[in-house]
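What follows is the residue order along each chain.
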Amino acid sequence: MKTYAEMSAELEQLAAHNDRLTAGLRAARAQIVDLKGDLQRVGDPPNSYATFLRRAEGTTVDVLHNGRRLRVATSAEIDLDELEPGTELRLNEALAAVEAVPPGDAGNVVVVVESLADTRVLVSVAPDDVRVLRRAGALHDEVLHPGDHVLVDLKAQLVLERIDRAEITDLVLEQVPDISFDQIGGLTEQIEAIRDAVELPFLQQDLYRDYGLRPPQGVLLYGPPGCGKTMIAKAVAHELVLRSAEVRGVSVSEALEHSAFLNVKGPELLNKYVGETERSIRLVFERAREKASAKHPVVIFFDEMEALFRTRGTGLSSDVETTIVPQLLAEIDGVEGLDNVIVIGASNREDMIDPAILRPGRLDVKIRVRRPDAESAREILGLYLGDSIPVREDREQLLDLATSEIYAEGPDSAFVRIEYTDGHAETLHFRDFVSGATLRNIVDRAKKYAVKEQLATGVAGVGSRHLHEAIAAEFSENEDMPSDSHPEEWARISGRRGRRIEAVVPLQGRDGRPGDSERPAHDQLIGEGA
Ligand code: ADP
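Cut-offs applied
Residues numbered from 1 in each chain as written. Predicted model: local features only at pLDDT ≥ 70, side-chain atom pairs only at ≥ 80, totals over all residues. Heavy atoms only, no water. Helix = DSSP H or I, 4+ residues; strand = E, 2+ residues; numbered from the N terminus. Buried < 20%, exposed > 50% of the residue type's maximum accessible area, 1.4 Å probe, protein only. Contact = heavy atoms within 4.5 Å. Areas by Shrake-Rupley, 256 points an atom, 1.4 Å probe, with all protein chains shown as cover. Phe/Tyr/Trp six-rings, centres within 6.5 Å; stacked < 30°, edge-to-face > 60°. Patch = residues over 30% accessible without salt bridge, like charges linked within 9 Å, V, L, I, M, F, W, Y side chains within 5 Å. Salt bridge = Lys/Arg side-chain N within 4 Å of Asp/Glu carboxyl O. Axes fitted to C-alpha atoms, helices over the stretch in contact; angles between N-to-C directions. Parallel < 35°, antiparallel > 145°, perpendicular 65-115°, else oblique. Left-handed = near helix turned anticlockwise from the far one by under 90°. Nonpolar A, V, L, I, M, F, W, Y, C, P; charged D, E, K, R; others polar. Pairing = 2+ DSSP bridges. UniProt positions renumbered as here; feature names shortened; annotations may be inferred. Near = heavy atom within 4 Å. Polar contact = N/O pair within 3.5 Å; in protein donor to acceptor, adjacent residues only side chain to side chain. Expected span 1.5 Å × (residues − 1). Bend = angle between axes of the 7 residues up to and from the residue.

Quick word on the overall build of the protein
Helix and strand content of the protein: 16 helices and 19 strands. Burial analysis of the protein (530 residues in total) assigns 44% to the buried set. Sequence separation of at least 24 residues holds for 66% of the intrachain contacts in the protein that already meet a minimum separation of 6. Carbon and sulfur atoms make up 50% of the accessible area of the protein, which totals about 28,000 Å².

Here it is, written out as C-alpha cells:
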C-alpha cells in the first residue's frame, strides 16, 4: 500500500506532467493555426488589376483587364463618382472591383497629333501608327497641343499624363525687344526697304486685300555677321507693335504684352533637337499663329538661316535637312491665314540657302546689310559714344579721329594680301572687316580704359588715346580675322567669289603683330561660279 505521502508526490508529478502536455498542446495548436493561416494565404486566389473605362448599368463598370474589355461588379467600398477613366481597380477572385488604386505612372510616351473636340486625342505612336486614345480623367481640363509629349497606356487606350519638357517654343519665344530704328547706325536704305516691305502691308491689310495685293510673307537680311541684321529684325518687330497699337487704339503696353518675337537660331535648333527639327519648326509657326490670332504682330526671326535651310541635294545637307526645307516651305506657304506673322531670315551665307525658300511668295524681299562704310561707322561710333558719355576732347573730333584711323589704308592697317592665280593681288585692310559689332567693341574698350584711368589718376573722360589703343586691341583680336576663317570665306567677304585664289598672305599688322610664321598661307582653289 502506498503511503499518503507517496501518493501525493506522484499526484504532483502527474500534475506537472499534465501541465507540460497542456503547454505542448497549446504550442502545437498555435502552430497549427499559423500553418493553417499560411495555407489559406497560399491558397487565396490572386487579385488582378484592371483599368477603369466607364460606368455601366447600376453599380457595374467597364474595365480593361488583360487587354480585354470586361463589365464587372463593384464592391460597396468603391465610390463610383470618384472613378475617372484611367483609374486602376483591384479585382477579387470573382473579378469584382474591390478597391481603387492610384493609376500607373509608367508607360509609353508618344506625341500628340491633334486634340479632338470630344475627350479623344490623336497621337502618333510610331511614324506610321497614329491612334485615337481617350484622355484619362486627370487630363480633362488640360490643353493638349500638337507636338506635346504624353504618357499613355496603349492597352487601355488612354492618355494618362502630359510629360512636360522644355518646349522649343518656350525657348525661342521672347517679348518684342525694345530696340528702335534710331539705335541703328547707318543702314538707312536697308531700314527703309524693310519698313516698306513689312509695315505698310501689315498696317493696311484691308487696303492690300481690296487691291488684291499679296503682302510679302517674309524678308531675308543677308550680309556679314555683326552688322545689324538682328537689330533690324528686332526694331521691325518693335515698330510694328507701336504702329499697330496706334492703328487699333490700344495702349502700347497692352500691345507689347501680346506681341511676340520668336528668335530661332538655326544651328541651335538643329543641334539641340536632333531629329526633331521639323517638329520644332512646325511648333514655332503654330505658336506664332496662336499669338497672332488676336491681330497682334508676331515676327519669326530665323538667325543663321543657312544652317537650317541649306540647298538640298548639294551633299552638304543631310537627309534630315532635306525634309526640313519642305517643312518650312509648307509653313510659309500656309501663311495666307497668317496675316499677322512675318518671317525674317538672316544669313551671312545666303548663297547656301535653298533657293526655293527665296522664291516669290516666300522670303522674296531680300535686303543686303553691308559692312559699314566710314560714314556709317562714324555714326555707329557716335551712337555708343553719345552725348551723355564723359569725354576729354571734342566729341566730334574724337569720332573723326577714330573713324579715319579705322578706315586708314596704310601699311599699319593692312591685314592680308590675296593673291589670285591670274597674277592679280590685293591687300585687305582692317576696314574691310569692320562691323557694327567691332565698332561697338572699340568704344566699349575705350570706355573701360577711361574708367581705369579715372580710378588711377582722377582724370575723367574718354580721350583719343583710349580710342587709339582700343582700335589697336580690336584690330589684333578681331575674330573675323583670317587665321580662323577659310579662304572661301575671304573670297566671299571681299566679293570675289569665283576667282581662283592662289594664296592668302597675312601681313605685318600694327603694333608689331607678327607677320606670322604660324599663320600659314592658305593655298586654296575657290570653285569657279560657286
Ligand atoms: P547680325 O545679326 O548682323 O549678326 P547684330 O544685329 O546681332 O548683327 O549686331 C551685333 C551687335 O553689334 C548689336 O547688338 C550692336 O551692339 C552692334 N551693331 C551691329 N550693327 C550695328 C549698327 N548698324 N548700329 C549700331 N550697332 C550695331
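Remarks on the packing of aromatic side chains
Summed over the entire model, instances satisfying the criterion amount to four aromatic pairs. Chaining the aromatic ring pairs together yields one cluster made of Phe 285, Phe 302 and Phe 309.

Things to note about a nonpolar patch on the surface
Taken together, the side chains of Leu 207, Tyr 211 and Leu 213 present a nonpolar region at the surface, about 350 Å² in accessible area. The topology assignment puts Leu 213 in the loop between α4 (205-210) and β12 (218-222). In this structure Leu 213 comes out as partly exposed when scored by relative accessible area, which is 48%.

Structural notes on the packing of helix α14 (residues 436-457) against helix α15 (residues 464-477)
Remark: α14 packs on α15, axes separated minimally by 8 Å, with the N-to-C direction vectors making an angle of 130 degrees. With respect to their mutual orientation, α14 and α15 come out oblique. Two packed elements cross with a definite hand, and for α14 against α15 that hand is right-handed. Between α14 and α15, the residues in contact are Thr 438, Asn 441, Ile 442, Arg 445, Ala 446, Tyr 449, Ala 450 and Glu 453 and Arg 465, His 466, Leu 467, Glu 469, Ala 470, Ile 471, Ala 473, Glu 474 and Glu 477, respectively. Looking at the contact of α14 with α15 residue by residue, the classes come out as eight nonpolar, three polar and six charged.

Observations regarding the sheet that holds strand β1 (residues 48-55)
The strand order across the open sheet built from five strands is β3-β2-β1-β4-β5, with neighbouring strands paired in antiparallel fashion. Pairing within the sheet leaves two strands with one partner each, and these edge strands are β3 (68-72) and β5 (97-101). Strand-to-strand twist of the sheet, defined as the mean angle between neighbouring strand axes without regard to direction, takes the value 40 degrees. The sheet contact formed by β1 and strand β4 (residues 88-91) spans four bridges and is antiparallel.

Focus on the UniProt feature "binding site: ATP" (unreviewed entry) in the protein
The feature "binding site: ATP" (unreviewed entry), as annotated in UniProt, sits at Gly 226, Cys 227, Gly 228, Lys 229, Thr 230 and Met 231 in this numbering. Mapping Gly 226 onto the fold places it in the loop between β12 and α5 (229-248). Apart from residues lying up to four places away in sequence, Gly 226 is in contact with Ser 435, Gly 436 and Ala 437. Tracing the sequence through the fold places Cys 227 in the loop between β12 and α5. Under the relative-accessibility criterion, Cys 227 is labelled buried at 7%. Ignoring anything within four residues of it in the chain, the contact list for Cys 227 reads Leu 187, Val 369, Arg 370, Arg 371, Pro 372, Ser 435 and Gly 436.

Considering the sheet that holds strand β8 (residues 129-135)
Sheet strands line up and pair through hydrogen bonds in the backbone, either parallel or antiparallel. Taken together, the five strands give a closed barrel; going around it, the order is β6-β7-β8-β10-β9, and neighbouring strands pair in mixed fashion. Neighbour to neighbour, the strand axes of the sheet diverge by 55 degrees on average, direction disregarded. In the sheet, strand β6 (residues 108-115) pairs with strand β7 (residues 120-126) via four bridges, with the strands oriented antiparallel. Within β7, the residue paired with Ser 115 across the bridge is Val 121.

A word on the site of the ligand
As a matter of local geometry, the ligand sits amid 16 residues, with Gly 185, Gly 226, Lys 229, Thr 230 and Tyr 384 nearest to it. With respect to the ligand, the backbone of Gly 228 contributes an N or O atom lying 3.1 Å from an oxygen atom. The contact in question runs from an oxygen atom of the ligand to an N or O atom on the side chain of Arg 440, over 2.9 Å. Starting from 560 Å² of accessible surface for the ligand in isolation, the protein chains cover 82%.

Comments concerning unusual backbone geometry
The phi dihedral of Leu 187 falls on the positive side, at around 55 degrees, and the residue is not glycine. Looking at Leu 187, the relative accessible area reads 12%, which means it is buried. At Glu 304, a residue that is not glycine, the phi angle is positive and equals roughly 45 degrees. Tracing the chain through its elements places Glu 304 in the loop between β14 (298-303) and α9 (305-308).

A word on the packing of helix α12 (residues 374-384) against helix α13 (residues 395-406)
Look at α12 against α13: their axes get within 9 Å of each other, and the N-to-C directions meet at 135 degrees. Compared by their axis directions, α12 and α13 come out oblique. Considering only the axes of α12 and α13, their crossing is right-handed. Contacts from Ala 374, Arg 378, Leu 381 and Gly 382 in α12 reach Glu 396, Leu 399, Asp 400, Ala 402, Thr 403 and Ile 406 in α13.

Things to note about helix α3 (residues 188-203)
Compared with the 22 Å implied by 1.5 Å per residue over 16 residues, the 21 Å span of α3 between its first and last C-alpha is a close match. A maximum bend of about 30 degrees is found in α3 at Arg 195. The set of residues buried in α3 consists of Gln 190, Ile 191, Ile 194, Ala 197, Val 198, Glu 199, Pro 201, Phe 202 and Leu 203. In this fold, the buried residues of α3 make contact with α4, β12, α5, β15 (341-347) and β16 (365-368).

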